[in-house]
Amino acid sequence: MKSDVVIALLSFGCLCEAVCVLGVVWFRDAFDQLHFCGAASTVGLFSFVAAVAVQGFATASGTIDCIVALFLTFALGPVMISATARAGRRMEFDSLEPRPNEYEQQP
Amino acid sequence: MTLTPWIASACVLTVGMTICGVVAFRRATFPALLALELAGTLVTLALVCLVVGFQRAVYGDLPVIAAVLNWLGSLVYVRFLDRSRA
C-alpha cells in the first residue's frame, strides 16, 4: 500500500516535470516558456515532498534534508523567475513599463 | 541494483535535464537561461530521488547545496545579462 502511494506520487511528479520540459521545448516565445519554468518548482514539487514524507529514511535527518532541499527550491524559485522575467523584459523592450498597445489589450 | 521507483524517477528527470541542456545549447541567450534554470530544478529533484532511492541519509546535504547554488548561479547569470544589455 505504501509503495503504491509512493509510485503514484512519483509518477504524478515526473509527469508534471515532463510537461514543464515539453513547454520549454515547445513554446517559441521566452515569456511563455517562463510560465513552464516557474511551474516546475511548484506543482510537481509537492508530489515529491509527499513521496519523501511517505517513504522516509531509517533516521529523521535524511528525510528532513530532502524536504528542506525541496522547500528551498519552492521558496527560492519564484524569486529567480521574477528576476529572470524582469531582466528578459528589459532585454526585449528596454523598459519595465507597459507599452501603449499593451494597455489596449487589457479587458 | 534493482530499479526502484525512485531510481526510475531520477532517470526520467535526468532525461528532462538532458533535453533542457540541448535547448540551452541551441536557443538564444534568454530562452537558454530559462532552460538552464529548469535544468537546475530538475537536478535538485533528481538528487533527492537518488538519495531516497539508495537510502543514503548522509548524502541528504547534496540536494540542499544544489538548490541553493542553482538559485545563486541563476541570479548571477541574470545580473550579468542585465548588465550586458546596457
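Residues numbered from 1 in each chain as written. Chains lettered and ligands numbered in written order. Predicted model: local features only at pLDDT ≥ 70, side-chain atom pairs only at ≥ 80, totals over all residues.

In terms of regular secondary structure, chain B is built from 3 helices and 0 strands. In chain B, the succession of α and β elements from N to C terminus is α-α-α. For 86 residues, the compact-globule estimate of 2.2 N^0.38 gives 12 Å, and the C-alpha radius of gyration of chain B, at 15 Å, exceeds that figure by more than 25%. A principal-axis box enclosing the C-alpha atoms of chain B has dimensions of 50 × 25 × 10 Å. Scored against the burial criterion, the 86 residues of chain B give a buried share of 48%. (Helix = DSSP H or I, 4+ residues; strand = E, 2+ residues; numbered from the N terminus. Rg over C-alpha atoms; globule rule 2.2 N^0.38 Å. Buried ≥ 20, exposed ≤ 12 C-beta atoms within 10 Å, placed from the backbone.)

What follows is about the packing of helix α1 (residues 2–26) of chain A against helix α3 (residues 43–55) of chain A. To characterise two packed helices, one gives the angle between the axes of the helices and the distance between these axes. All names here are of chain A. The contact between α1 and α3 brings their axes to 8 Å, and the two run at 160°. With respect to each other, α1 and α3 are oriented roughly antiparallel. Between α1 and α3 lies a crossing whose hand is left-handed. Contacts from Lys2, Val5, Val6, Leu9, Leu10, Phe12, Gly13, Cys16 and Glu17 of α1 reach α3 at Val43, Gly44, Ser47, Phe48, Ala50, Ala51, Val54 and Gln55. Among the residues making up the contact of α1 with α3, the classes are represented as 11 nonpolar, 4 polar and 2 charged. (Axes fitted to C-alpha atoms, helices over the stretch in contact; angles between N-to-C directions. Parallel < 35°, antiparallel > 145°, perpendicular 65-115°, else oblique. Left-handed = near helix turned anticlockwise from the far one by under 90°. Contact = placed C-beta atoms within 7 Å. Nonpolar A, V, L, I, M, F, W, Y, C, P; charged D, E, K, R; others polar.)

What follows covers the environment of Leu15 of chain A. Residue and element names in this part refer to chain A. Within the fold, Leu15 resides in helix α1. Of the residues examined, Leu15 has 14 C-beta atoms within 10 Å and is grouped as partly exposed. In this structure, the C-alpha to C-alpha distance between Leu15 and Gly44, residues 29 residues apart in sequence, is 7.8 Å.

Turning to the environment of Cys37 of chain A, a few remarks are in order. Positionally, Cys37 of chain A belongs in helix α2 (residues 30–39). Overall, the presence of 29 C-beta atoms within 10 Å leaves Cys37 of chain A in the buried class. Residues Cys37 of chain A and Ser11 of chain A, spaced 26 residues apart in sequence, show a C-alpha to C-alpha distance of 19 Å. With near-sequence residues (within four places) excluded, Cys37 of chain A lies in contact with Val24 and Ile81 of chain A together with Leu34, Glu37 and Leu38 of chain B.

If you look at the biggest cluster of nonpolar residues, it comprises 50 residues, and the most contacted ones within it are Leu38, Ala46 and Val48 of chain B. Looking at this core, the elements that each hand over two or more residues are α1, α2, α3 and α4 (60–93) of chain A together with α1 (5–26), α2 (29–54) and α3 (61–85) of chain B. Looking at which element gives the most residues to this core, the answer is α2 of chain B, with 16 residues. The contact partners of Leu38 of chain B, leaving out residues within four places of it in the chain, are Cys20, Val21, Val24, Cys37 and Ala40 of chain A together with Cys20 of chain B. (Core = buried A, V, L, I, M, F, W, Y, C linked by C-beta atoms within 7 Å.)

Here the focus is the interface of chain A and chain B. With 39 residues of chain A at the interface, the matching set in chain B holds 38 residues. Here the side of chain A that touches chain B takes 18 residues from α4 of chain A, the largest share from any one element. Residue composition of the side of chain A that touches chain B, by class: 26 nonpolar, 10 polar and 3 charged.

Moving on to the environment of Ser47 of chain A. Residue and element names in this part refer to chain A. Tracing the chain through its elements places Ser47 in helix α3. By C-beta crowding, Ser47 is classed as partly exposed, having 19 other C-beta atoms within 10 Å. Each C-alpha atom, one on Ser47 and one on Leu10, is 6.6 Å from the other, the two residues being 37 residues apart in sequence. Ignoring sequence-local partners within four residues, the contact set of Ser47 consists of Leu9, Phe12, Gly13 and Cys16.

Within the sequence span of α3 of chain A, burial applies to Gly44, Leu45, Phe48, Val49, Ala51, Val52 and Gln55 of chain A. When α3 of chain A is viewed along its axis, its buried side chains cluster within an angular range of 165° and face the same direction. In this structure, the buried side of α3 of chain A is in contact with α1 and α4 of chain A together with α2 of chain B. Just downstream of α3 of chain A, Gly56 of chain A is the residue with a positive phi angle, here 65°. (Arc of directions from axis to C-beta.)

As a further point, take the packing of α3 of chain A against α4 of chain A. All names here are of chain A. It is the contact of α3 with α4, at a shortest axis distance of 10 Å, that shows an interaxial angle of 170°. Overall, the two elements α3 and α4 adopt an arrangement that is roughly antiparallel. Residues Leu45, Phe48, Val49, Val52 and Ala53 of α3 lie in contact with α4, whose contacting residues are Thr63, Cys66, Ile67, Leu70, Thr73 and Phe74. Split into classes, the residues belonging to the contact of α3 with α4 amount to 9 nonpolar, 2 polar and no charged.

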